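# Residue-level structural notes
Chain by chain, the residues:
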Amino acid sequence: MEEKDVQSKEEFKEEVVEDTEQEIITDEKNDEPQEQEVNNEELTKLQAEKDDLQNHLLRVQAEYDNFRKRTKKEKEADLKYKSQSVVTELLPVLDNFERALQVEVEDKAAKGIVEGLEMVYRQLKTVLESEGVEEIETDGQTFDPTKHQAVMQVEEDGYESNQIVETMQKGYQLKDRVIRPAMVKVNQ
């Protein structure tokens, strides 16, 4: 009898163990879809967050590149036109030299002074040209409002319509930028 009892107890234990194992397996199978759903939701959220951060990073990089390019262009422009303020201040001096040189002198001593003025004038023009200052062409040219300033309109024979008749004040440009337009008379 004891043998039967021991056998029954063992069978009972085996059944309990099998039932428990089945319950555990069943519970694990039931938990997996819930965990997968939670993991999928978290994964989707993390993926969206990663995409947002990546887009933000790309925008920041593009803004930085644009800033760098803009700064580089500004520096190049500053270097290109660095002498503009000095040149603008020297243009009236150049005009006064030209007026002084137009005076007719007959005295030998005065001629020496005029020659000295001519030398200084040529040297000043050479320095300005080395900086990229050029005189704006006006003689026989067609009026261009970007380079010329019309002071008067006249009706002269021998000139076409909108052609420059006379230069009242010379104009100058620094490299490709007009720093003072030429003041001119224009034929109607």
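Everything below is about the structure shown above.
This report concerns the structure included in the present document. (Residues numbered from 1 in each chain as written. Predicted model: local features only at pLDDT ≥ 70, side-chain atom pairs only at ≥ 80, totals over all residues. Heavy atoms only, no water.)

## Details of the packing of aromatic side chains
A full pass over the atoms with the stated rule returns one aromatic pair. Arranged with centres 6.4 Å apart and planes meeting at 50°, the rings of phenylalanine 97 and tyrosine 121 form a pair that is tilted. Here phenylalanine 97 is found in helix H2 (residues 84–101), whereas its partner tyrosine 121 is found in helix H3 (residues 108–130), with 24 residues between them in sequence. Accessibility classification places phenylalanine 97 together with tyrosine 121 in one group, the buried group. In this arrangement the basic side chain of arginine 177 is found over the ring face of tyrosine 81, its NZ or CZ atom lying 3.7 Å from the centre. (Phe/Tyr/Trp six-rings, centres within 6.5 Å; stacked < 30°, edge-to-face > 60°. Helix = DSSP H or I, 4+ residues; strand = E, 2+ residues; numbered from the N terminus. Buried < 20%, exposed > 50% of the residue type's maximum accessible area, 1.4 Å probe, protein only. Lys NZ or Arg CZ within 6 Å of the ring centre and 35° of its normal.)

## Thoughts on the environment of tyrosine 159
Within the fold, tyrosine 159 resides in the loop between strand E2 (148–154) and strand E3 (164–169). Tyrosine 159 gets classed as partly exposed once you look at its relative accessible area, which sits at 34%. As a C-alpha pair, tyrosine 159 and asparagine 187 span 28 residues in sequence and 6.7 Å in three-dimensional space. In this structure tyrosine 159 touches Ile164, Val165 and Asn187, once residues within four positions along its chain are discounted. (Contact = heavy atoms within 4.5 Å.)

## A look at the nonpolar core
Note that soluble globular proteins tend to have their nonpolar side chains buried in a common cluster. In terms of nonpolar packing, the biggest core is built from twelve residues, these being Tyr81, Val87, Leu91, Leu94, Phe97, Tyr121, Leu124, Leu128, Val133, Tyr172, Leu174 and Ile179. Contributing elements (two or more residues each) for this core: H2, H3 and strand E4 (172–174). If you tally residues by element for this core, the top one is H2, at four residues. In contact with leucine 94, other than residues within four places in its own chain, are Tyr121, Leu124, Lys125, Leu128 and Tyr172. Residues Phe143, Ala182, Val184 and Val186 belong to the second largest nonpolar core, which totals five residues. (Core = buried A, V, L, I, M, F, W, Y, C linked by side-chain atoms within 4.5 Å.)

## Some points on the pairing of strand E6 (residues 182–187)
Summarising burial for E6: five of the six residues are buried, a large majority. Relative to E6, E2 runs parallel, the two sharing six bridges. The residue bridging valine 154 from the neighbouring strand is asparagine 187, located in E6. (Pairing = 2+ DSSP bridges.)

## Things to note about unusual backbone geometry
Of note, the phi angle at asparagine 162 is positive, near 70°, even though the residue is not glycine. Its location among the elements puts asparagine 162 in the loop between E2 and E3. Asparagine 162 sits in the partly exposed class, given a relative accessible area of 35%. Here lysine 175, not a glycine, exhibits a phi torsion of approximately 55°, which is positive. Its location among the elements puts lysine 175 in the loop between E4 and strand E5 (177–180). Given the relative accessible area of 34%, lysine 175 is considered partly exposed.

## Remarks on the sheet that holds strand E1 (residues 133–135)
The strand order across the open sheet formed by three strands is E1-E4-E5, and the pairing between neighbours is antiparallel. Of all the strands in the sheet, just E1 and E5 have a single pairing partner and so form its edges. Shown here is a sheet whose adjacent strand axes are inclined to one another by a mean of 35°, direction ignored. (Axes fitted to C-alpha atoms, helices over the stretch in contact; angles between N-to-C directions.)

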